[in-house]
Amino acid sequence: MSNDNFYGWKLLSALWIIVVINLAFPFYGQSIFNAAMETDLNLDRRTLGLITSLYTLMSGLPGPLVAVSIQRLGIRLTLFLGSLLVVLGSVIMATAVSTGLHYALTFGIVVGVGVAMGGIIGGQTGTARWFIRRRALALAIISYGGSWPPCPVSPQLLHWFS
């Protein structure tokens, strides 16, 4: 098989974009919208810490269930369901969240589980299944998607430029 017909690099770039949207945006974006939610919902630091802890827990704890989902439903459907949960949680946060409890349930659980299902586990599994020769390079590229953007933007920096 020639390199011209190998579909893996195109698949890797699509998986990288999915990982950036489903993992990096919620992770780095929370520092921006936490500041806005803190003032809008009159949240204290303890509640924000609880919400962030719940999100972190739910983005990793369902890992074995995500593996079962990949095994039974496939990578594509698992990534789709995770992406759907991230979008659904984002829409709910933008339109219906009015208390700290709503924020914790929506961001901590819905978006957290969406990140687990639509994030790095499916991306790495798909990459490992497609690549044999350049697997280490491909896994390094897909893992970089979770750390993008390279330098997160702080709310203070955004305020300074506006």
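Structure: above.
Below or above, wherever it landed, is the structure these notes cover. (Residues numbered from 1 in each chain as written. Predicted model: local features only at pLDDT ≥ 70, side-chain atom pairs only at ≥ 80, totals over all residues. Heavy atoms only, no water.)

## Quick look at the overall build of the chain
Stage number 1. For the chain, the helix and strand inventory stands at 8 helices and 0 strands.
Stage number 2. Helices and strands in the chain line up, N terminus first, as α-α-α-α-α-α-α-α.
Stage number 3. With 162 residues in all, the chain has 35% of them scored as buried.
Stage number 4. For the chain, the share of sequence-separated contacts (at least 6 apart) that also reach a separation of at least 24 residues comes to 80%.
Stage number 5. For the chain, the computed accessible surface area is about 9700 Å², with 67% contributed by carbon and sulfur atoms. (Helix = DSSP H or I, 4+ residues; strand = E, 2+ residues; numbered from the N terminus. Buried < 20%, exposed > 50% of the residue type's maximum accessible area, 1.4 Å probe, protein only. Contact = heavy atoms within 4.5 Å. Areas by Shrake-Rupley, 256 points an atom, 1.4 Å probe, with all protein chains shown as cover.)

## Re helix 6 (residues 120-130)
Stage number 1. The set of residues buried in helix 6 consists of G122, G123, G126 and T127. The buried residues of helix 6 occupy an angular sector of 130° when projected down its axis, which confines them to one face.
Stage number 2. Summarising the contacts, the buried residues of helix 6 are in contact with helix 1 (8-40), helix 3 (63-73), helix 4 (75-95) and helix 7 (135-144). (Arc of directions from axis to C-beta.)

## Examining the side chain of T78
Stage number 1. Structurally, T78 can be placed in helix 4.
Stage number 2. From its side chain, T78 meets the backbone oxygen of G74 in a polar contact 2.8 Å long.
Stage number 3. Each residue touching T78, except ones within four places of it in the same chain, is listed here: V66, S69, I70, L73 and M117. (Polar contact = N/O pair within 3.5 Å; in protein donor to acceptor, adjacent residues only side chain to side chain.)

## Quick word on the pattern of salt bridges
Stage number 1. This structure, assessed with the given rule, holds 1 salt bridge.
Stage number 2. Across the salt bridge formed by R45 and E38, the nearest N and O atoms sit 3.5 Å from each other. (Salt bridge = Lys/Arg side-chain N within 4 Å of Asp/Glu carboxyl O.)

## A few points about the nonpolar core
Stage number 1. In this structure, L41, L43, I51, V97, Y103, F107 and V115 are the most contacted members of the largest nonpolar core, which totals 27 residues.
Stage number 2. Per element, the largest residue contribution to this core is 7 residues, and it comes from helix 5 (residues 100-118).
Stage number 3. Here I51 is in contact with L43, G100, Y103, A104, F107 and G108, once residues within four sequence places are set aside. (Core = buried A, V, L, I, M, F, W, Y, C linked by side-chain atoms within 4.5 Å.)

## Focus: helix 3
Stage number 1. Those residues of helix 3 not exposed but buried are G63, V66, S69 and I70. Burial along helix 3 is one-sided: seen end-on, the buried residues are contained in an arc of 110°. Exposed and oriented more than 90 degrees from the buried face of helix 3 are P64, L65, Q71 and R72.
Stage number 2. In this structure, the buried side of helix 3 is in contact with helix 2 (45-60), helix 4, helix 5 and helix 6.
Stage number 3. Among the residues trailing helix 3, G74 stands out with phi positive, at a value near 100°.

## Here's the deal with a nonpolar patch on the surface
Stage number 1. On the surface, a cluster of nonpolar side chains totalling about 370 Å² of accessible area is made up of L73, L77, F80 and L84.
Stage number 2. For the nonpolar patch, the element with the most residues is helix 4, which contributes 3 residues.
Stage number 3. Summarising the element assignment, L77 is placed in helix 4. (Patch = residues over 30% accessible without salt bridge, like charges linked within 9 Å, V, L, I, M, F, W, Y side chains within 5 Å.)

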